[in-house]
Amino acid sequence: MIRTVDGDLLPPILYYHRVAPGVHPGVGVEPSEFSRQMSLLKRLGYEGISLRDVKGENGDRKTVVITFDDGYLDNFQHAGPILQENGFRATIFCVSKKTGGLSDWTTDPVWSGLPLMDKGHLRELHRLGFEIGSHSRTHPDLSRLPVSEAREEIEGSRRDLEDLLGTSVETFCYPYGAFSEAAIELVRGAGYRYARSVLRMKWGARYKRHLLPCRSVSGKMPFIRFAGYSLLYRAGF
Ligand SMILES: [Zn+2]
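Here the structure is a predicted model, which means the values were calculated and not measured.

Q: Let's hear about the overall build of the protein chain: which residues, and what values?
A: Across its full length, the protein chain carries 6 helices and 13 strands. Seen through its principal axes, the protein chain has C-alpha atoms that stretch 45 × 40 × 35 Å. A sequence separation of at least 24 residues applies to 65% of the contacts in the protein chain between residues at least 6 apart.

Set out below in structure tokens:
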């Protein structure tokens, strides 16, 4: 469970990037493995939900928030159908000015040049009940950006996605997990209800609503460890 400084009790948040056959284990999981993970959560009585659908005050132990960063095309092709098979939904944090393009914000060969979902994919996932959250406009390091540019990325991406989807965009995720106090204030001021960082969930810690922690899941996590975390969370940790 995640406790906030405001007294909210939130479900655990899982954090993925890619789900694709042959994916590098550092950036994603095989569809068969993802399916196994989601089936386990379902057998344990969990419902996978989006961050938008969190009810902050009740600390429901039957839910787990599932999130994806960057908006890779394979989320639409592989993760979405597996989530739907289990009756789950998720939040996909998209880079609003990169839709339909490639991940070109890094030169790391494992992460760059990967196809991203286009506007039609995002509209379809939204129609199916998935949440499209903001991951900025161009995926900059917000901790190093001048405030005026950071504001443009944070507020502008919200406007871009709201125009695209015709709904309010309530959640944000920091590119590279990088933040500053100024960036957190901009995110709060832009009207986002929650923001996810890449801080690790720690039992007993308290987190800001605009700096929520998570559990990162990649192809490097053995299934037994995923199962262990799932059981711990169900026990209230
Ligand atoms: Zn990212």
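Q: Quick one: what's the story with the nonpolar core, residue by residue and with numbers?
A: Counting residues in each nonpolar core, the largest one holds 62 residues, and the members touching the most others are Ile-13, Leu-14, Val-65, Ile-92, Val-187, Ala-195 and Leu-212. If sequence neighbours within four positions are ignored, Ala-195 has contacts with Thr-171, Phe-172, Cys-173, Tyr-174, Val-187, His-210, Leu-211 and Leu-212.

Q: Hey, could you go over helix H5 (residues 181-189) for me, with residue numbers and the actual values?
A: Three or more residues of H5 are buried, namely Ala-183, Leu-186 and Val-187. Buried residues in H5, looked at end-on, bunch into an arc of 100°, giving them a common side. Seen from the open side of H5, the exposed residues pointing more than 90 degrees away from its buried face are Glu-181 and Gly-189. Turning to H5, the residues buried within the fold contact helix H4 (147-165), strand S10 (171-173) and strand S11 (194-200).

Q: Account for the sheet that holds strand S12 (residues 206-207), with residues named and values stated.
A: Spatially, S2-S1-S12 is the arrangement adopted by the 3 strands of the open sheet, whose pairing is mixed. At either margin of the open sheet sits one strand with a lone partner, and together these are strand S2 (9-10) and S12. Here strand S1 (residues 2-4) pairs with S12 via 2 bridges, running parallel. Residue pairing in the sheet places Thr-4 in a bridge with Tyr-207 of S12.

Q: Can you break down unusual backbone geometry residue by residue, with the values?
A: Positive phi, close to 80°, is recorded for Ser-136, a residue that is not glycine. Checked against the element boundaries, Ser-136 lands in the loop between strand S9 (131-134) and H4. One non-glycine residue with positive phi stands out, namely Tyr-176, at about 60°. With respect to the secondary-structure elements, Tyr-176 resides in the loop between S10 and H5. Judged by C-beta crowding, with 15 C-beta atoms within 10 Å, Tyr-176 ranks as partly exposed.

Q: Please set out helix H1 (residues 31-43) residue by residue, giving values where relevant.
A: The terminal C-alpha atoms of H1, which comprises 13 residues, lie 18 Å apart, in line with the 18 Å expected from a rise of 1.5 Å per residue. Buried within H1 we find Phe-34, Gln-37, Met-38 and Leu-41. Seen along its axis, H1 keeps its buried residues to an arc of 95°; they face one direction. Counted as exposed and oriented over 90 degrees from the buried face of H1: Ser-32 and Arg-43. Taken together, the buried residues of H1 touch strand S4 (18-19), strand S5 (28-29), strand S6 (47-49), strand S7 (63-70), helix H2 (73-85) and helix H6 (223-234). Backbone geometry just after H1 places Gly-45 at a positive phi near 95°.

Q: Before we move on, can you summarise the packing of H1 against H2 with the specific residues and values?
A: The interhelical angle for the contact between H1 and H2, taken along N-to-C directions, is 25°, at an axis separation of 10 Å. One way to sum up the angle between H1 and H2 is to call them roughly parallel. You can see that H1 and H2 cross each other, and the crossing is right-handed. Each of Pro-31, Phe-34, Ser-35 and Met-38 in H1 lies in contact with H2, whose residues at this interface are His-78, Ala-79, Ile-82 and Leu-83. In terms of residue class, the contact of H1 with H2 is built from 6 nonpolar, 2 polar and no charged.

Q: Residue-level account of the environment of Phe-68, with values.
A: Looking at the element boundaries, Phe-68 is found in strand S7. Exposure remark for Phe-68: the 27 C-beta atoms within 10 Å place this residue in the buried category. Sequence separation between Phe-68 and His-17 is 51 residues, and the spatial gap between their C-alpha atoms is 5.1 Å. For Phe-68, the residues in contact, after removing those within four places along its chain, are Tyr-16, His-17, Asn-75, Ala-79, Ala-90, Ile-92 and Phe-93.

Conventions used here
In every chain, residue numbers begin from 1 and rise along the written sequence. For a predicted model such as this one, the threshold for reporting local features is a pLDDT of at least 70, and the threshold for listing and counting side-chain atom pairs is 80 or more; totals across whole chains, interfaces and linings nevertheless cover every residue. Going along the chain from the N terminus, every DSSP run of H or I of four or more residues is numbered as a helix, and every run of E of two or more is numbered as a strand. Two residues form a contact once the distance between their C-beta atoms, set from the backbone, is within 7 Å. Joining buried Ala, Val, Leu, Ile, Met, Phe, Trp, Tyr and Cys residues through C-beta atoms within 7 Å gives a set, and that set is a nonpolar core. To sort residues by burial, count the other C-beta atoms lying within 10 Å of each one's C-beta; a count of 20 or more means buried, 12 or fewer means exposed, and anything in between means partly exposed. C-beta atoms are built from the backbone. Note that the arc is computed from the directions linking the helix axis to the C-beta atoms. A strand pair is defined by DSSP finding two or more bridges across the two strands. In this analysis, the expected span of each helix is defined as 1.5 Å times one less than the number of residues it contains. Helix axes are fitted only over the stretch in contact, all axes being lines through C-alpha atoms; the angle between N-to-C directions runs from 0 to 180 degrees. Note on angle classes: values under 35 degrees are labelled roughly parallel, values over 145 roughly antiparallel, values of 65 to 115 roughly perpendicular, and the remainder oblique. Should the near helix be turned counterclockwise from the far one by less than a right angle, the crossing is left-handed, whereas a clockwise turn marks it as right-handed. In this count, Pro and Cys sit with the nonpolar residues alongside Ala, Val, Leu, Ile, Met, Phe, Trp and Tyr, while Asp, Glu, Lys and Arg are called charged and the others, Gly among them, polar.

Geometric descriptors of this kind do not, in isolation, establish any biological role.
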